[in-house]
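# Fold and contact review
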Amino acid sequence: MGSLSTTMIAGVLAVRRGLRKPIGSLALMGQVRGPRGPAGSVPIREAVPLASLDSLIFGGWDILPDDAFLASQKAKVLEKALLDQLRPELEAIRPWRGIFDPRYVRRIKGRHDTTPGGHLASVAKVEKEIGEFREVSQAARIVVLNAASTEAHLQPGDVHGSLKLFEKALAADDERVTPSMIYTYAALRQGAAVVNCTPSHAVDLPALTELALGLRLPLAGRDLKTGQTLLKTILAPGLKARALGVSGWYSTNILGNRDGEVLDDPECLRSKQESKLSVLTSILEPELHPDLYGKLDHLVRIDYYAPRGDEKEAWDSIDIFGWLGYPMQIKINFLCRDSILAAPLALDLALFADLAHRTRLSGPQDWLSLYFKSPMTRGGPPLHDLSVQRQRLEDEIRRIAGWECPEGSPRRGRTSSAAKPGARSLATAR
Ligand SMILES: NC(=O)c1ccc[n+]([C@@H]2O[C@H](COP(=O)([O-])OP(=O)(O)OC[C@H]3O[C@@H](n4cnc5c(N)ncnc54)[C@H](O)[C@@H]3O)[C@@H](O)[C@H]2O)c1
């Protein structure tokens, strides 16, 4: 019941009542090449059988007791007049008690969490709630989206390496099993597709991939690509396409929503920075272009600044160089709205993960890379270039539609190993 999830839910309610348009949702507003190639394009929602907005039913967990109406009011993303029109439907969405571990989220005091009874008891509780939700709502299928606060950084290790070891760790109440992993494990066992909108390691673990593959369920993650990283993955491929050099990319953000408050904890911030940093080296491939990108200095800062609320501001100062090495600069000041950018992505991911489930696509869904800062793959390096990611999504939609991918259409981008960020100070990383 945070900013992202309530903005997505309230938005769906508003769109289905004809109050607003689903801007930013590729699933609802995008087009792909039709069966006869470039000659005619077809709306995605006509190319493949996506679930209709009218058929969606929402439920969720939180460690705070607010219903979706109160939570969206507090998030201050949507205006009061719109929320008032949706009030009865939003008020009816009340969270189940969350699975909380204060070691992983320290800036929020859980007021609506379960009494700790061990990991297996938590799994059983989440499974029971999903089962009851399915029964009461009569939902045919379920997608679980993780939109909870970013957890403190955790380096995946042995216990996440196989399902057997993970289940052993669950039984032993191992502290390396986080709440977000418990939700994913329980959701998969209940036959749900799982999408991780957060930087936490909630699905991108060999143990959970093994479970998803065994149960033939789709997984996608990690961390929605919304503001600054979105622009980075649009601009960097353009500079590279024209063989312009880049010597430095300094990115800073201020945000004042609850997400920002949680990220004020250096350990949670580390999780976010990790997912923001890898994109540039992957797109620019300095090992292939040492003269252009061999000395790239990439810095990302995020600061919590309460007055700004959800209206995040991002600055990029980019040092580029051209003919004979002469330097130039590009400045970007993106005054964005964090949850307004993120909500349509969460909706698309719910619709596409459900489509993947029905089409029996299982494990990591790399055709959904477009939506993530750190996309999961089926083994190869992640795709980061937005146009390559968009092509990959289109190819998969056309494949599901039963139309062949055109000859020579790029299935995968050329990528390199991800950057290895080293912390520089509490709020800074290279
Ligand atoms: N809002 C965006 O634009 C955006 C963009 C990209 C990624 N994300 C990621 O999505 C996540 C949510 O973002 P947000 O802006 O909605 O944050 P938020 O703080 O508004 O919402 C997070 C919610 O999760 C709840 N929560 C925390 N721990 C929980 C647990 N263990 N179980 C159940 N609920 C729990 C909190 O009480 C809160 O209501 C964050 O990880 C954020 O980094 C958000």
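Residues numbered from 1 in each chain as written. Predicted model: local features only at pLDDT ≥ 70, side-chain atom pairs only at ≥ 80, totals over all residues.

Before going further, it helps to spend a moment on the packing of helix H4 (residues 68-75) against helix H5 (residues 80-91). At a minimum axis separation of 7 Å, H4 and H5 run at an interaxial angle of 140 degrees. Judged by the angle between their axes, H4 and H5 are oblique. When H4 is examined against H5, the residues Ala68, Phe69, Ser72 and Gln73 are found in contact with a partner set consisting of Leu83, Arg87, Leu90 and Glu91. Here the residues of the contact of H4 with H5 are counted per class, giving 4 nonpolar, 2 polar and 2 charged. (Axes fitted to C-alpha atoms, helices over the stretch in contact; angles between N-to-C directions. Helix = DSSP H or I, 4+ residues; strand = E, 2+ residues; numbered from the N terminus. Parallel < 35°, antiparallel > 145°, perpendicular 65-115°, else oblique. Contact = placed C-beta atoms within 7 Å. Nonpolar A, V, L, I, M, F, W, Y, C, P; charged D, E, K, R; others polar.)

Lining the immediate environment of the ligand, one finds 33 residues, of which Gly2, Gly98, Thr198, Arg258 and Ala342 sit closest. Looking at the shell around the ligand, the elements with two or more residues in it are helix H1 (3-16), strand E3 (61-62), helix H11 (258-263) and helix H15 (338-358). Classifying every residue of the shell around the ligand by side-chain character gives 19 nonpolar, 9 polar and 5 charged. When residues of the shell around the ligand are sorted by domain, at least three fall in each of domain 1 (3-224 + 340-401) and domain 2 (228-336 + 416-429). (Near = placed C-beta within 6 Å. Domains from an automatic or database assignment.)

Okay, the domain arrangement of the protein next. Assigned domains within the protein: domain 1 (3-224 + 340-401) and domain 2 (228-336 + 416-429). Between the C-alpha centres of domain 1 and domain 2 the distance comes to 26 Å. On the domain 2 side, the residues contacting the 26 residues of domain 1 number 29 residues. Here the residues of the side of domain 1 that touches domain 2 are counted per class, giving 10 nonpolar, 8 polar and 8 charged.

In this section: the sheet that holds strand E7 (residues 218-221). Spatial ordering of the open sheet is given by E5-E6-E7-E12, a layout of 4 strands whose pairing is parallel. Looking along the sheet, the strands with just one partner apiece sit at the ends: strand E5 (143-146) and strand E12 (363-364). Relative to E12, E7 runs parallel, the two being bridged by 2 bridges. Across the sheet, residue Leu219 finds its bridge partner in E12, namely Pro364. (Pairing = 2+ DSSP bridges.)

If you look at the biggest cluster of nonpolar residues, it comprises 87 residues, and the most contacted ones within it are Leu208, Ala346 and Leu349. Sorting elements by how many residues they give to this core places H15 first, with 12 residues. Excluding residues within four positions of it along the chain, Leu208 makes contact with Met181, Thr184, Tyr185, Leu188, Val203 and Leu219. One finds Tyr104, Val105, Cys268 and Ile302 within the second-largest nonpolar core, a separate group that totals 11 residues. (Core = buried A, V, L, I, M, F, W, Y, C linked by C-beta atoms within 7 Å. Buried ≥ 20, exposed ≤ 12 C-beta atoms within 10 Å, placed from the backbone.)

Right, let's get into the pairing of E7. Of the two faces of E7, the one holding Pro218 and Ala220 and the one holding Leu219 and Gly221 are both buried throughout. In this sheet, E7 lies alongside strand E6 (residues 193-196) in parallel orientation, the contact comprising 3 bridges. Its bridge partner lying in E7, Val194 is registered against Leu219. Between the parallel pair E6 and E7, the chain is carried across by helix H9 (residues 206-215), and the sense of this crossover is right-handed. (Right-handed = clockwise from strand over helix to strand, strands pointing away.)

This part takes up H15. Between its first and last C-alpha, H15 extends 31 Å over 21 residues, near the 30 Å set by a 1.5 Å rise per residue. Of all the 21 residues making up H15, 18 are buried; the element is thus mostly covered by neighbouring parts of the structure. Directly after H15, the chain includes Arg360, whose backbone phi takes a positive value near 60 degrees. (Expected span 1.5 Å × (residues − 1).)

Of the consecutive residues Gly221 and Arg222, the connecting peptide bond is found in the cis state with omega at 10 degrees. With respect to the element layout, Arg222 can be found in the loop between E7 and helix H10 (228-241). Phi is positive for Asp173, close to 50 degrees, though the residue is something other than glycine. Mapping Asp173 onto the fold places it in the loop between helix H7 (163-171) and helix H8 (179-189). Positive phi, normally seen in glycine, also occurs at Asp223, with a value near 70 degrees. Tracing the backbone through its elements, the reader meets Asp223 in the loop between E7 and H10. Taking the C-beta count within 10 Å as the criterion, Asp223 has 22 such neighbours and is therefore assigned buried.

A few words on the packing of H1 against H5. Interhelical geometry of H1 versus H5 gives an angle of 100 degrees and a closest axis separation of 10 Å. Put simply, H1 runs roughly perpendicular to H5. Contact residues: H1 offers Ala10, Leu13 and Ala14, while H5 offers Leu82, Leu83, Leu86, Glu89 and Leu90.

Our focus in this paragraph is the pairing of E5. With burial as the criterion, each face of E5 is covered, one bearing Val143 and Leu145 and the other bearing Val144 and Asn146. Pairing analysis gives 4 bridges linking E5 to E6, with the strands arranged parallel. Residue Val144 lies in a different strand from E6, and its bridge partner there is Val194.

Our focus in this paragraph is the environment of Trp96. Tracing the backbone through its elements, the reader meets Trp96 in strand E4 (residues 96-97). Separated by 202 residues in sequence, Trp96 and His298 place their C-alpha atoms 41 Å apart. Setting aside its immediate chain neighbours within four residues, Trp96 contacts Trp61 and Glu129.

As for its position among the elements, Asp319 is in strand E10 (residues 313-321). On the basis of neighbour count, Asp319 is assigned to the partly exposed category, with 16 C-beta atoms found within 10 Å. On a C-alpha basis, the gap between Asp319 and Gln329 in space is 4.8 Å, while along the polypeptide they are 10 residues apart. Contact partners of Asp319, with chain neighbours within four places excluded, come to Ser247, Gly248, Pro327 and Gln329.

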